Amino acid sequence: ELSFIHRYEPATDPNRPPLLLLHGTGGDENDLLGLGRMISPGSALLSPRGKILENGMPRFFRRLAEGVFDEEDVKFRANELADFVAEARKAYGLEAPVAVGFSNGANIAAAMLMLRPEALSGAALLRAMVPLSEAPKADLSGKRVLMTSGAMDPIIPADNAKRLAAALSEAGADVEHQVLPTGHNLSQTDLQLLVKWFAERS
Ligand code: MLT
């Protein structure tokens, strides 16, 4: 038994990287499977359900208010999720996955990059913000990161997303940050950018 409720779909194309799909607040392990199939056809899909419940809505870590995080819990949960990734890699025979996270899922993926960089080979962070006010120095060289932000996102201030992109590049990641004329929800342009970013890899 692995330590998170999750869905798993094996790869049908061995040249495609496994994806770690991380849903937003109120989502679950089923939400992003369709997105994953669309943006990287043939990838293995590993999709856990966040263990925190906020008024019945699953998330990946606790928050004190919208955009105000319980940073001790962020650290604990990022480590717990990285441990799950290691277990799942062994159980399913996977290389390190590329995280694809939306909103709360993007934030836990960003925290994993900083705290447990070995857990991920790269990340697509959709509507992410800075997850930890003080992050340890991680070496992210060789890791590709795509960030897409919404210029009119009511939850994430533009400079906060920019700070995250800057911190990840300073740590050595190969960061592409796209700011789109949209809000917190994903748009067609997000999908197009994701398809292109994954295609460029192989
Ligand atoms: C978070 O709590 O991670 C952010 O506020 C995004 C969200 O889940 O609404």
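Structure: above.
These numbers come from a predicted model, not from an experiment.

A. Fine view of the packing of helix H2 (residues 71-92) against helix H3 (residues 104-115). The geometry of H2 relative to H3 is characterised by a closest axis approach of 9 Å and an angle of 80° between their N-to-C directions. As summarised for this structure, H2 and H3 are arranged roughly perpendicular, according to the angle between their axes. Touching Val 74, Lys 75, Arg 77, Ala 78, Leu 81, Ala 82 and Val 85 of H2 are Ile 108, Ala 111, Met 112 and Leu 115, all from H3. In the contact of H2 with H3, the residues fall into nine nonpolar, no polar and two charged.

B. How the structure looks around the side chain of Asp 73. With respect to the helices and strands, Asp 73 occurs in helix H2. There is a polar contact of 2.7 Å between the side chain of Asp 73 and the backbone nitrogen of Arg 62. Discounting chain neighbours no more than four positions away, the residues touching Asp 73 are Ile 52, Phe 61 and Arg 62.

C. Focus on the packing of H3 against helix H4 (residues 158-170). Close contact between H3 and H4 brings their axes to 11 Å; oriented N to C, the two are set at 25°. Taken together, the axes of H3 and H4 are roughly parallel relative to one another. Of the two elements, H3 crosses H4, and the hand of that crossing is left-handed. In this structure, H3 contributes Ala 110, Leu 113 and Met 114 to the contact, and H4 contributes Leu 164, Ala 167 and Leu 168. In terms of residue class, the contact of H3 with H4 is built from six nonpolar, no polar and no charged.

What counts and how
Residues numbered from 1 in each chain as written. Predicted model: local features only at pLDDT ≥ 70, side-chain atom pairs only at ≥ 80, totals over all residues. Heavy atoms only, no water. Axes fitted to C-alpha atoms, helices over the stretch in contact; angles between N-to-C directions. Helix = DSSP H or I, 4+ residues; strand = E, 2+ residues; numbered from the N terminus. Parallel < 35°, antiparallel > 145°, perpendicular 65-115°, else oblique. Contact = heavy atoms within 4.5 Å. Nonpolar A, V, L, I, M, F, W, Y, C, P; charged D, E, K, R; others polar. Polar contact = N/O pair within 3.5 Å; in protein donor to acceptor, adjacent residues only side chain to side chain. Left-handed = near helix turned anticlockwise from the far one by under 90°.

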